[in-house]
Amino acid sequence: MNVIKAIALKVMSALLFAVMSALVRFLGESYPVGQIVFYRSAIAILPVVVIYAWRNELAAAVRTLRPLGHVGRGLISICGMFCNFSALARLPIVDATAISFAAPLITVAFAAIFLKERVRIYRWSAVIVGFTGILVMLGPHFDLGSHAGAAATTLGLGFAIGGAFCNAGSVIQTRRLTETETTSSIVFYFSLICALAGLVTLPLSWLLPELAWRVPTWPELAALVTVGLCGGLAHILLTESYRWAPASLVAPFDYTAMVWAFLLGYFFFNELPTIFVFSGAAIIAGAGLLVIWRERQLGLQRVRAAEGPPTGT
C-alpha cells in the first residue's frame, strides 16, 4: 500500500490522456481518424516494450493462452478508439470527456447482462442517474430544427456515446482476460491490434479520398508521435496506480480528467462548456462516485466477513 504514489500515478495518467485528447482534437481537423489511430497505437508499443523489457516481463507480455480473446477485445477497442477520436474531432474536449464518463455506468449494466454479476439497487440507481446526466447534456440538441447547421456536432455526440458503449464492452472483455492473461499482455496486444486496424485504413484512401493519409509536417509528426507516447505511458501509469492502492480508492481520481480537459480546451481552443455540460457532467460524476463508494462498502463488508467476529483474550 502506497496511497500517495497510487493517487499521483492516477492523476498523471488522467493528465496524459487529456493531453492526448487535446492533440487528437487538433489533428482531427485535418487528419483522417485511421491515421491518428495508427500513430496512437503503434507509437504506444514503444514505451510498453521498453518498460516491460526493463522489468524482465517482456516474455509475459507476448505470451498468451487466449489469442482469440485478445482479438475480441481488440475489435471492441478499435471501434471505441475510432468513435472517441471521431467525437474529439467534432466536439469540445470537455463535452467528449464528460460523455466518456458514462462508460463505467454502462459497464455495470453490461456486467449484469454478460458476466451474470449480481447488480443491486444501488448500482442500478446510479446507472439511471448517470444516463439522466447524459440527457441533460444532450438536451439542447434534441431540437434538431434549431441545430440544423450543427450536423457535425450531432454526429460527434453520436460518436461519443458509441465510444462510451465500446469502452464499457472493452472493460467487460478485459475482466474475462484477466482470469488467465497478464496485464502486460493485455496492454501489448491492445496496442498491436489497434495499430494494425489503423494501418488497414491506408489502402482505403484509394477508394475514399476523405480517408486519405497525409504526409505530416515536422510539427504535425511530433504531435502524432506525442499522441502515441501519451497514450502508451498513460495506459501504463493507469495500470501501475492499481498496484499500490485499492481500485475503489484510486478510481475517483479519474474525474480529474475533467479539470485538465477544461483547461486545455479553454487555453488552446477557446472552448467554454455550456451550463448543460457542467450540470450533466456533475450528475454523471456523482453517479460514478456512488458506484465507487458502494463497491468500497461492499469490499469492507467482505473483509470483515473473512476476518470473522472479534475474539476475546
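As shown above, the structure is provided for reference.
About the criteria used
Residues numbered from 1 in each chain as written. Predicted model: local features only at pLDDT ≥ 70, side-chain atom pairs only at ≥ 80, totals over all residues. Heavy atoms only, no water. Helix = DSSP H or I, 4+ residues; strand = E, 2+ residues; numbered from the N terminus. Buried < 20%, exposed > 50% of the residue type's maximum accessible area, 1.4 Å probe, protein only. Contact = heavy atoms within 4.5 Å. Areas by Shrake-Rupley, 256 points an atom, 1.4 Å probe, with all protein chains shown as cover. Core = buried A, V, L, I, M, F, W, Y, C linked by side-chain atoms within 4.5 Å. Salt bridge = Lys/Arg side-chain N within 4 Å of Asp/Glu carboxyl O. Phe/Tyr/Trp six-rings, centres within 6.5 Å; stacked < 30°, edge-to-face > 60°. Lys NZ or Arg CZ within 6 Å of the ring centre and 35° of its normal. Patch = residues over 30% accessible without salt bridge, like charges linked within 9 Å, V, L, I, M, F, W, Y side chains within 5 Å. Expected span 1.5 Å × (residues − 1). Arc of directions from axis to C-beta. Axes fitted to C-alpha atoms, helices over the stretch in contact; angles between N-to-C directions. Parallel < 35°, antiparallel > 145°, perpendicular 65-115°, else oblique. Left-handed = near helix turned anticlockwise from the far one by under 90°. Nonpolar A, V, L, I, M, F, W, Y, C, P; charged D, E, K, R; others polar.

A word on the overall build of the chain
Secondary structure assignment for the chain yields 13 helices and 0 strands. Listing every helix and strand of the chain by position from the N terminus yields α-α-α-α-α-α-α-α-α-α-α-α-α. Sorting the 313 residues of the chain into buried and exposed places 45% on the buried side. Partitioning the intrachain contacts of the chain with sequence separation of at least 6 by distance along the chain shows that 87% fall at a separation of at least 24. About 15,800 Å² of surface is accessible on the chain, with carbon and sulfur atoms providing 71% of the total.

Here we look at unusual backbone geometry
For Asn-270, which is not glycine, the phi torsion reads 55° and is therefore positive. As for its position among the elements, Asn-270 is in the loop between helix H12 (256-269) and helix H13 (275-307).

Considerations on the nonpolar core
In this structure, Phe-101, Leu-105, Ile-106, Met-137, Met-258 and Ile-284 are the most contacted members of the largest nonpolar core, which totals 41 residues. Every element with two or more residues in this core is listed here: helix H1 (3-27), helix H5 (93-100), helix H6 (103-114), helix H7 (121-138), helix H8 (151-177), H12 and H13. Grouped together as the second largest cluster of nonpolar side chains are 22 residues, Ile-36, Val-37, Ala-96 and Val-227 included.

Description of the pattern of salt bridges
Scanning the entire structure with this criterion turns up 4 salt bridges. With its nearest N and O atoms 3.4 Å apart, the salt bridge here joins Arg-25 to Glu-29. On the basis of relative accessible area, Arg-25 is assigned to the buried category, the value being 12%. We classify Glu-29 as exposed; its relative accessible area is 57%. A salt bridge links Glu-271 to Arg-25; the nearest nitrogen and oxygen atoms lie 2.8 Å apart. Of the two residues, Glu-271 sits in the loop between H12 and H13 while Arg-25 sits in helix H1, which places them 246 residues apart along the sequence. The pair Glu-271 / Arg-25 is uniform in exposure class, with both members buried. If you follow the salt bridges from partner to partner, you end up with Arg-25, Glu-29 and Glu-271 in one network.

Focus on the packing of aromatic side chains
Counted under the stated rule, the structure contains 8 aromatic pairs. Within the aromatic cluster, the residues linked to one another by ring pairs are Phe-262, Tyr-266, Phe-267 and Phe-278. The ring of Phe-269 is capped by Arg-25, whose NZ or CZ atom sits 5.4 Å from the centre of that ring. Lying over the aromatic face of Tyr-31, Arg-214 brings its terminal NZ or CZ to 4.7 Å of the ring centre.

Quick word on a nonpolar patch on the surface
On the surface, Val-259, Leu-263, Tyr-266, Phe-267, Phe-268 and Leu-272 cluster together into a nonpolar patch covering about 660 Å² of accessible area. Judged by relative accessible area, Phe-268 falls into the exposed class, the value being 62%.

Quick look at the side chain of Gln-35
Take Gln-35: it is sitting in helix H2 (residues 33-54). Residues contacting Gln-35, with those up to four places away along its chain left out, are Thr-201, Trp-213, Arg-214, Pro-216 and Leu-224.

Here's the deal with H12
For H12, spanning 14 residues, the distance from its first C-alpha to its last is 19 Å, which sits close to the expected 20 Å at 1.5 Å a residue. Regarding H12, the residues found buried are Ala-257, Met-258, Ala-261, Leu-264 and Gly-265. Here the buried residues of H12 occupy an arc of 135° about the axis, which is enough to place them on one side. Trailing H12 by a residue or two, Asn-270 shows a phi angle of about 55°, which is positive.

What to know about the environment of Gly-265
Secondary-structure assignment places Gly-265 in helix H12. Apart from the residues within four sequence positions on either side, Gly-265 is in contact with Ile-93, Asn-270 and Glu-271.

What to know about the environment of Cys-230
Structurally, Cys-230 can be placed in helix H10 (residues 218-244). Once the C-alpha coordinates of Cys-230 and Pro-47 are considered, the two residues, 183 residues apart in sequence, prove to be 9.6 Å apart. If near-sequence neighbours (up to four positions away) are discounted, Cys-230 is found in contact with Leu-16, Val-19 and Met-20.

A short note on the packing of H6 against H7
Orientation of H6 relative to H7, taken along the N-to-C sense of each, is 135°, at an axis distance of 9 Å. With respect to H7, the axis of H6 lies oblique. Considering the relative orientation of H6 and H7, their crossing is left-handed. Between H6, through Leu-105, Ile-106, Val-108, Ala-109 and Ala-112, and H7, the contact on the second element is made entirely by Arg-123, Trp-124, Ala-126, Val-127, Gly-130 and Phe-131. Residue classes in the contact of H6 with H7 are distributed as 9 nonpolar, 1 polar and 1 charged.

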